[in-house]
Amino acid sequence: MGVERRRVIDIALVMMTLTALLVLPGAVVGLAAQLPLRIAVATSMPVSFGIAAIAGYVYGRIGVTWSLTSYAVATAATAAVVGLVGLVITGVIWVVRRRRARRDARPAGRRRLRRSRVLRRSGADRARGGRPVTGPARPGGREGQSVSRRGRRSRWWLLPGAAVLVSAWLIGQMIITELAATPGGTANVFQGWDAHWHANYIRFIHDGGPASPDLAGELRYPENGATLYYPSTWHSIGALVMALRGIGAVETYNLVQIGSVALAFPIGVAALAWLITHRRFTRPVVATSAAVAAMATPLFPGLPFVEVMVAATPSAVANGLAGLGAAVVVAATADRRLIPAAALGLVGIGGVHPSGMVTVAVIVLFWWLFEGLWSPVRGRVRDFVVLAGVGLAGVATLLPQILTVSEEADDISAFEFQINADRAAMWGKAAALQVRHVQDYGVRWVLLSLAVLGVIVMLRRLIVWPLLLWGGLLVVCVNAMGVFGNWTGGVLRGMGSVFYNDPRRIGVVMAVLVAAAVGVGVGATVQLLAGWMGKLLDPLTDPEGRGVTGVQVAVALAALVGVGSWVVQASPEYAVGAGSNQRWGRMVDEHDLRAFRWLSEQPQAYSGLIYTNPDEGSGWMYATDGLPSTSRHYLNSGDAAPLTRYLFHRIDQAGVNPEVDAALARLGVTFVYVSPPNYWGFQPPNEHLLELDETPGLAKVYSDSQVRIFAVRAAFTEAELAQILENSPFPPHGRTPLTLAADLYGPE
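What counts as what
Residues numbered from 1 in each chain as written. Predicted model: local features only at pLDDT ≥ 70, side-chain atom pairs only at ≥ 80, totals over all residues. Heavy atoms only, no water. Helix = DSSP H or I, 4+ residues; strand = E, 2+ residues; numbered from the N terminus. Areas by Shrake-Rupley, 256 points an atom, 1.4 Å probe, with all protein chains shown as cover. Pairing = 2+ DSSP bridges. Axes fitted to C-alpha atoms, helices over the stretch in contact; angles between N-to-C directions. Contact = heavy atoms within 4.5 Å. Buried < 20%, exposed > 50% of the residue type's maximum accessible area, 1.4 Å probe, protein only. Arc of directions from axis to C-beta. Polar contact = N/O pair within 3.5 Å; in protein donor to acceptor, adjacent residues only side chain to side chain. Patch = residues over 30% accessible without salt bridge, like charges linked within 9 Å, V, L, I, M, F, W, Y side chains within 5 Å. Salt bridge = Lys/Arg side-chain N within 4 Å of Asp/Glu carboxyl O. Lys, Arg positive; Asp, Glu negative; His and termini not counted. Charge placed at Lys NZ, Arg CZ, Asp CG, Glu CD. Expected span 1.5 Å × (residues − 1). Parallel < 35°, antiparallel > 145°, perpendicular 65-115°, else oblique. Left-handed = near helix turned anticlockwise from the far one by under 90°. Nonpolar A, V, L, I, M, F, W, Y, C, P; charged D, E, K, R; others polar. Core = buried A, V, L, I, M, F, W, Y, C linked by side-chain atoms within 4.5 Å. Phe/Tyr/Trp six-rings, centres within 6.5 Å; stacked < 30°, edge-to-face > 60°. Lys NZ or Arg CZ within 6 Å of the ring centre and 35° of its normal.

**Some points on the overall build of the protein chain**
- Helix and strand counts for the protein chain stand at 33 helices and four strands.
- For the protein chain, the exposed surface amounts to about 32,900 Å²; the carbon and sulfur share of it is 62%.

**Quick word on unusual backbone geometry**
- Along the chain, proline 676 connects to proline 677 via a cis peptide bond; the corresponding omega equals 5°.
- Topologically, proline 677 is positioned in the loop between β2 (669–674) and α31 (687–690).
- Its identity is not glycine, yet tyrosine 500 carries a phi of approximately 60°, on the positive side.
- Relative to the elements of secondary structure, tyrosine 500 occurs in the loop between α23 (487–496) and α24 (503–541).
- For asparagine 501, which is not glycine, the phi torsion reads 50° and is therefore positive.

**As for the sheet that holds strand β1 (residues 609–612)**
- Strand order in this open sheet of four strands is β1-β2-β4-β3, and the pairing throughout is mixed. Edge positions in the sheet fall to β1 and β3 (698–704), since each has one partner strand and no second. Within this sheet the neighbouring strands show an average axis-to-axis angle of 25°, counted without direction.
- Two strands pair when backbone bridges link them, and β2 and strand β4 (residues 707–712) are joined in this way by four bridges, in the antiparallel orientation. In the sheet register, valine 672 faces β4, and the bridge partner there is phenylalanine 710.
- Running over the sheet, helix α27 (residues 590–599) touches β1, β2, β3 and β4 and is turned about 135° from β3.

**Description of α23**
- Looking at α23, one finds that the buried residues are Gly489, Leu492, Arg493 and Gly496. Angular distribution of buried residues about the axis of α23 spans 105°; they occupy a single face of the element.

**Quick notes on the side chain of threonine 359**
- By the element assignment, threonine 359 lies in helix α16 (residues 354–372).
- For threonine 359, a relative accessible area of 4% puts it in the buried group.
- At a separation of 2.9 Å, a polar atom in the side chain of threonine 359 contacts the main-chain carbonyl oxygen of serine 355.
- Apart from residues lying up to four places away in sequence, threonine 359 is in contact with Asn319, Ala322, Phe499 and Val509.

**Some points on a positive patch on the surface**
- Where like charges cluster on the molecular surface, the positive patch consists of Arg97, Arg100, Arg103 and Arg336.
- For arginine 336, the location among the structural elements is in the loop between α14 (322–331) and α15 (339–352).

**Concerning helix α22 (residues 465–481)**
- Its 17 residues give α22 an end-to-end C-alpha distance of 24 Å, which sits within 8% of 24 Å, the value for a rise of 1.5 Å per residue.
- Taken together, the buried positions of α22 are occupied by Trp465, Pro466, Leu469, Leu473, Leu474, Val476, Cys477, Val478, Asn479, Ala480 and Met481.

**Considering the side chain of serine 571**
- Locating serine 571 in the fold gives a position in the loop between α25 (547–570) and α26 (572–580).
- With a relative accessible area of 0%, serine 571 lands in the buried category.
- If sequence neighbours within four positions are ignored, serine 571 has contacts with Met174, Pro298, Leu299, Phe305 and Trp566.

**Describing the packing of helix α3 (residues 44–62) against α15**
- Taken N-terminus to C-terminus, the directions of α3 and α15 make an angle of 70°; their axes are 6 Å apart at the nearest point. Taken together, the axes of α3 and α15 lie roughly perpendicular to each other. Note that α3 runs across α15; the crossing there is left-handed. Of the residues in α15, those in contact with Pro46, Val47, Phe49, Gly50, Ala53 and Ile54 of α3 are Ala341, Leu344, Gly345, Val347, Gly348, Ile349, Gly351 and Val352.
- When grouped by side-chain class, the residues that make up the contact of α3 with α15 number ten nonpolar, four polar and no charged.

**Focus: the pattern of salt bridges**
- Using the criterion set out here, one finds 15 salt bridges in the structure.
- Two residues, arginine 337 and aspartate 335, come together in a salt bridge whose shortest N-O distance is 2.7 Å.
- Close ionic contact of arginine 504 with aspartate 502 constitutes a salt bridge, the shortest N to O distance being 3.0 Å.
- Note on arginine 504: relative accessible area 4%, which makes it buried.
- The class of aspartate 502 is buried, set by a relative accessible area of 1%.
- Several salt bridges converge on common partners, so that one network encompasses Glu307, Arg436, Asp502, Arg504 and Arg505.

**Re the nonpolar core**
- Formed by 213 residues in total, the largest nonpolar core has its most connected members in Trp465, Trp620 and Ile709.
- By residue number, the principal contributor to this core is helix α10 (residues 249–277), which donates 19 residues.
- Isoleucine 709 has contacts with Ala595, Trp598, Leu599, Phe671, Val672, Tyr673, Ala699, Lys700, Val701 and Tyr702, leaving out every residue within four places of it along the chain.
- One finds Tyr611, Phe648, Ala654 and Val660 within the second-largest nonpolar core, a separate group that totals 19 residues.

**Examining the environment of isoleucine 51**
- Positionally, isoleucine 51 belongs in helix α3.
- Every residue in contact with isoleucine 51, bar those within four places of it in the chain, is listed here: Pro25, Gly26, Val29, Tyr71, Ala74, Thr75 and Thr78.

**Some words on a nonpolar patch on the surface**
- A cluster of nonpolar side chains, contributed by Ile54, Val58, Ile62 and Val64, occupies part of the molecular surface with about 300 Å² of accessible area.
- Within the secondary structure layout, valine 58 lies in helix α3.
- Residue classification places valine 58 among the partly exposed positions, given a relative accessible area of 39%.

**Brief notes about the packing of aromatic side chains**
- With the rule as written, the count across this model stands at 16 aromatic pairs.
- Ring centres of tyrosine 59 and tryptophan 66 lie 6.5 Å apart, and the angle between their planes is 50°; on these two criteria the pair is classed as tilted. Each member of the pair, tyrosine 59 as well as tryptophan 66, carries the same accessibility label: buried.
- Members of the aromatic cluster, joined through ring pairs, are Trp197, Tyr201, Phe204 and Tyr230.
- A cation over a ring is seen here: arginine 61 above tyrosine 57, with NZ or CZ 5.0 Å from the ring centre.
- Sitting above the plane of the tyrosine 622 ring, arginine 632 keeps its charged end 4.5 Å from the centroid.

**A word on the pairing of β1**
- Residues Leu609 and Tyr611 line one face of β1 and the alternating positions Ile610 and Thr612 line the opposite face, and both faces are buried.
- Strand direction decides the pairing type here: β1 and β2, joined by four bridges, are parallel. Note on β2: the bridge partner recorded for leucine 609 is valine 669.

**Things to note about the environment of glycine 372**
- Within the secondary structure, glycine 372 sits in helix α16.
- Expressed as a C-alpha distance, the spacing of glycine 372 and threonine 333, which sit 39 residues apart in the sequence, is 9.9 Å.
- Setting aside chain neighbours within four positions, we find glycine 372 in contact with Trp367 and Asp383.

**What about the packing of α14 against α16?**
- Direction vectors running N to C along α14 and α16 enclose 45°, while the axes themselves pass 8 Å from each other. The angle between α14 and α16 falls in the class oblique. In this structure, α14 meets α16 at a crossing whose hand is right-handed. In this structure, α14 contributes Ala322, Gly325, Ala326, Val329 and Val330 to the contact, and α16 contributes Gly356, Thr359, Val360, Ile363, Val364 and Trp367.
- A per-class count over the contact of α14 with α16 returns eight nonpolar, three polar and no charged.

**Overview of the pairing of β3**
- Along β3, seven of the seven residues are buried, which leaves the element largely enclosed by surrounding structure.
- Direction of pairing for β3 relative to β4: antiparallel, over a ladder of six bridges. When the sheet's bridge partners are listed, leucine 698 is paired in β4 with valine 712.

Rendered as structure tokens:
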């Protein structure tokens, strides 16, 4: 019991560390921008990613190692710049207003005449039962606040805030419960491709590698460090967690993945619900809609759970935060203090994964075209300047990434995820969110019905942009399932290429919209009922009308309790897939793990490179033990690493072909690690790696189950080879009996 309790405490400390790294830097910058504390905290996560994205790139240029200290320095510098710019802008505004006041000064007679006109206009307004005209009410701004609320601070923001925290806790707790039951617990090696790369990237940054995304080639291509740009922002935060908590890269990947996804989706969905409702509904409806949307997030298997199951972590986090990023960008049109958070948030989301930045841009574009342009916040020109300025800031900051993605557009668009179904079935699957993996859980009819209720509510208030956005994504998703036969198919594939034309990835954004619609439908409905109940109760209990607020709070809490109970009943089924699927030795089992440990103790294990087959997943040895494998990604190196590619089809000629021996020497290969089978069934076995027993230039030193380890003879003396063989618990010609192996290492 003591060990179990300690394990729970350790996991909680990891999650607290991750939360602090994602919240505190962004909150500090928000406070420097003069935002209220609650707004600074609410917008902090993408801002923190933005700080890490910019700092990682800059530090990579000047040779500074990524660490907690460098992250703190970057936060302080960003806060100082934001605060200084804010003071300058405030000073300029003050000077302009001062000069305008002096310019508008009139002689006493003119001032009295102007005052009398104002008084007459005010009297006419009062005669009509209205209030004096003081300027247009702007939703989201101070002018839009009701006079009856003046002097009384609203606490409705507590509702969505609490819902986000509870939803994140439920998601994390459910997945970790399943993960802890797998072999190795939270340090279990994920048996899939994407996690292979992400865990290695975290280890690479932690071990002193640069956090700059354009230097990822040093990890991907150990042969020569060829140029590669890969978004590293999420991995750099993971590396800090690994250092602060003193845990391994595999466990760090597992827990940081769960924690970041659990936070990103509820807050992103809640923010999108706010964006949909805040200009058309009362504060109780807005708060209830955002809270219900956050709480309902775990009911969608395609949001947190499937993305964890397939290990598409950076993409999931970025698109999960897209709703928050879009809401902050739009809110910046009403409050200039949000401009730094909007710009940094856009950079941060793009730094985590470029598809998230595109999602933010698309949401904002649809909002502006179908709402902001016709009902501007502070004027069409001013709104456009703010939106365009924030967008340009994000694009300019991430320009290297954008150029790299455009250079690789052909490779990205080449991905195929088409299904064998007729066109009508494709439309039905996309509309019901039955994309890859999500369809394993069936159609969630009740959720879709509540989303339809939200659509009705939105149409009644003439909020059409979310519906048009969903329709556009629907078309792109259907085209990804089966390309349309005319020119539109190619155009839509180009649009969907940022999501790899994967219906599952497109379905994530669609599910975020549907979850927000569920929140709107439930939130508006329960608050409508609260209004009716209040009208019935107030004449009897509270003639001044204060009882309505109590009813509004009560129905909101009831709705959250109901949705939360639903989550507790339904979502554990999804968590099973997220926490236990692909966790049972498909690529790396106990034989591999103990071979990694043994190899890490051998001479020259770290002085050169260990040749591995990327198709087998043995590159996990870098994440688990820091072993310098040639393949730290699940794809072959290709032309970027010619020696590695050459040996892939020639290594069985070692000791016979001088060119092969020269390639081994130039690459610095000391060991060869073979552990079939390949990951995918369509991958042909590589006979050149599977038949090395008789290769003169290699000496087999380890043979356990599917694992074979060979030492390159030219890299060792005969005495060293003899010592390695003596140290081998599974020598090739005298394997340790199974009973002794079980005593030493546990059951097979």
